[in-house]
Amino acid sequence: MTKLSVNINKIATLRNARGGDMPSVTEAAVKIQEFGGQGITIHPRPDERHITRKDVYDLKPLVTTEFNIEGNPHREFIDMVLDVRPEQVTLVPDADDAITSNAGWDTRKHLDFLTEIIAEFKNAGIRTSIFLDPQPELVEYAAKTGADRIELYTEAYAKNYIVDKESAIKPYYDTAVVAANFGLGLNAGHDLSLDNLKYFADNIPNLLEVSIGHALVSEALYMGLENTVQAYLKRLAKW
Ligand SMILES: CC(=O)[C@@H](O)[C@H](O)COP(=O)(O)O
Ligand SMILES: NCC(=O)COP(=O)(O)O
């Protein structure tokens, strides 16, 4: 079964536009879980453009499914995650000023750095995942870091899906097979949507979790949050 973890960054983006608490990030997280969401993902960025440090702490007791915190492992981020102890941390090598995440790790180049940080999280009992482009040759080094999982960065899939879905998925399938051979769990995310999710989930073996935010929150404007979460769950259902 592939779990749906809903990324609520964009709820915070909307809230921050007025500085109050509407829409409430915590209420959204509670509702999403009531509607069937199997996890909550957040990606607190250093400039707090959406999720704030306070949100991270406010959400912790309310996430009863699986709490996944994504981010670039600067010292401040590491210490916060060690303090909050979510079920999973996803390491993303994004520049502070990047508009959104735009690349996976070069696991060969950053092997020592990642190995050290992953050991810290593992010692605290936090599952670790490394954001990765669909490049099978990087998987071996991801495994060497001691990470539990990789998260496939799916922006290229989403872009190419509308042109040629078979060639769009090929590098992801190849990377997924290598990950399984190295005993790594598999997550995926970025620009997944109601349009492109089913084909991805149907064709990628051993997909444990997808984290979806931008499209899901946008679609919820038209369909409502409950209907949208349900629609995503249907895309992931195997029957
Ligand atoms: C790692 C990843 O692909 C997502 O977390 C993405 O970074 C979302 O972040 P934004 O909502 O800031 O675009
Ligand atoms: N890890 C990917 C994620 O959490 C959500 O990405 P997106 O759906 O907002 O592009």
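Source: prediction; values computed, not measured.

Draft legend 1. Structural detail: the UniProt feature "active site" (unreviewed entry) in the chain. Under the present numbering, the feature "active site" (unreviewed entry) in UniProt falls on His43, Glu70 and His190. These annotated residues cover 148 residues of sequence, but their C-alpha atoms sit close together, with the largest distance between any two at 12.1 Å. Lining of the largest pocket among the annotated residues: His43, Glu70 and His190. You can see His43 is positioned in the loop between β2 (39-42) and α3 (53-59). Structurally, Glu70 can be placed in strand β3 (residues 67-71). According to the relative accessible area criterion, Glu70 is buried, its value standing at 7%. Not counting residues within four places of it along the chain, the set of residues in contact with Glu70 comprises Asn7, Thr41, Ile42, His43, Pro44, Phe77, Thr90, Val92, Glu151 and Ser211.

Draft legend 2. Fine view of the site of ligand 1. Inspection of the region around ligand 1 gives Asn7, Asn9, Lys10, His43, Arg45, His50, Glu70, Val92, Thr100, Ser101, Phe131 and His190 as its neighbouring residues. Asn9 places a polar side-chain atom, nitrogen or oxygen, 2.8 Å from an oxygen atom of ligand 1. In the environment of ligand 1, an oxygen atom lies 2.6 Å from a nitrogen or oxygen atom belonging to the side chain of His190. Using a 2 Å cut-off from the grid points, one finds that ligand 1 occupies the largest pocket. Within the shell around ligand 1, the residues separate by chemical class into 2 nonpolar, 7 polar and 3 charged.

Draft legend 3. Spotlight on the pattern of salt bridges. Using the criterion set out here, one finds 14 salt bridges in the structure. Across the pair Arg49 and Asp47 runs a salt bridge, and its minimum N-O distance is 3.1 Å. Here Asp47 falls in the partly exposed class, since its relative accessible area comes to 46%. Asp58 is paired through a salt bridge with Lys54; the nearest N and O atoms lie 2.6 Å apart. Here Asp58 pairs with Lys54, and both are found in helix α3, just 4 residues apart, close to one helical turn. Residue Lys54 is classed as exposed on the basis of its relative accessible area, which comes to 57%. Connected through shared salt-bridge partners, Glu66, Arg127, Arg149 and Glu209 make up one network.

Draft legend 4. Seen up close, the site of ligand 2. All residues in the neighbourhood of ligand 2 are listed as Asn7, Thr41, Glu70, Glu151, Gly189, His190, Asp191, Ser211, Ile212, Gly213 and His214. Residue Gly213 places a main-chain N or O atom 2.8 Å away from an oxygen atom belonging to ligand 2. Here an oxygen atom of ligand 2 sits 2.9 Å away from a polar atom, N or O, in the main chain of His214. When its residues are assigned to classes, the shell around ligand 2 shows 1 nonpolar, 7 polar and 3 charged.

Quick notes on the rules
- Counting starts from 1 at the beginning of each chain's written sequence and moves along it residue by residue.
- Think of it this way: whatever chain is written first is A, whatever ligand is written first is 1, and the rest follow in order.
- Local features in this predicted model are restricted to residues whose pLDDT is 70 or higher, and side-chain atom pairs enter the listing and the counts only when it is 80 or higher, whereas totals over whole chains, interfaces and linings include all residues.
- Computation of side-chain values covers all heavy atoms of the structure but excludes hydrogens and water.
- UniProt positions are given in the numbering used here, feature names are shortened, and annotations may be inferred rather than shown by experiment.
- A 1.4 Å probe that fits but cannot get out identifies a cavity on a 1 Å grid over protein atoms alone, an open set with protein on both sides within 12 Å along at least five of seven lines counts as a pocket, and a residue lines either if it has an atom within 4 Å of a point.
- Secondary structure follows DSSP: runs of H or I at least 4 residues long count as helices, runs of E at least 2 residues long count as strands, and numbering of each begins at the N terminus.
- Each residue is assigned to one of three classes by its accessible area relative to the maximum for its type, calculated with a 1.4 Å probe on protein chains only: buried under 20%, partly exposed between the two thresholds, exposed over 50%.
- The contact criterion used is simple: two residues touch if any of their non-hydrogen atoms lie within 4.5 Å.
- Proximity is defined per residue: if any heavy atom of the residue lies within 4 Å of a molecule or strand, that residue is considered near it.
- N or O atoms closer than or at 3.5 Å make up a polar contact, with two conditions inside protein: a donor-capable atom paired with an acceptor-capable one, and, for residues adjacent in sequence, both atoms drawn from side chains.
- Each molecule is assigned to a cavity or pocket provided more than half of its atoms lie within 2 Å of the corresponding grid points.
- Lys, Arg, Asp and Glu make up the charged group, whereas Ala, Val, Leu, Ile, Met, Phe, Trp, Tyr, Cys and Pro make up the nonpolar group; the residues left over, Gly among them, are polar.
- The salt bridge definition used is simple: a Lys or Arg side-chain nitrogen within 4 Å of an Asp or Glu carboxyl oxygen.

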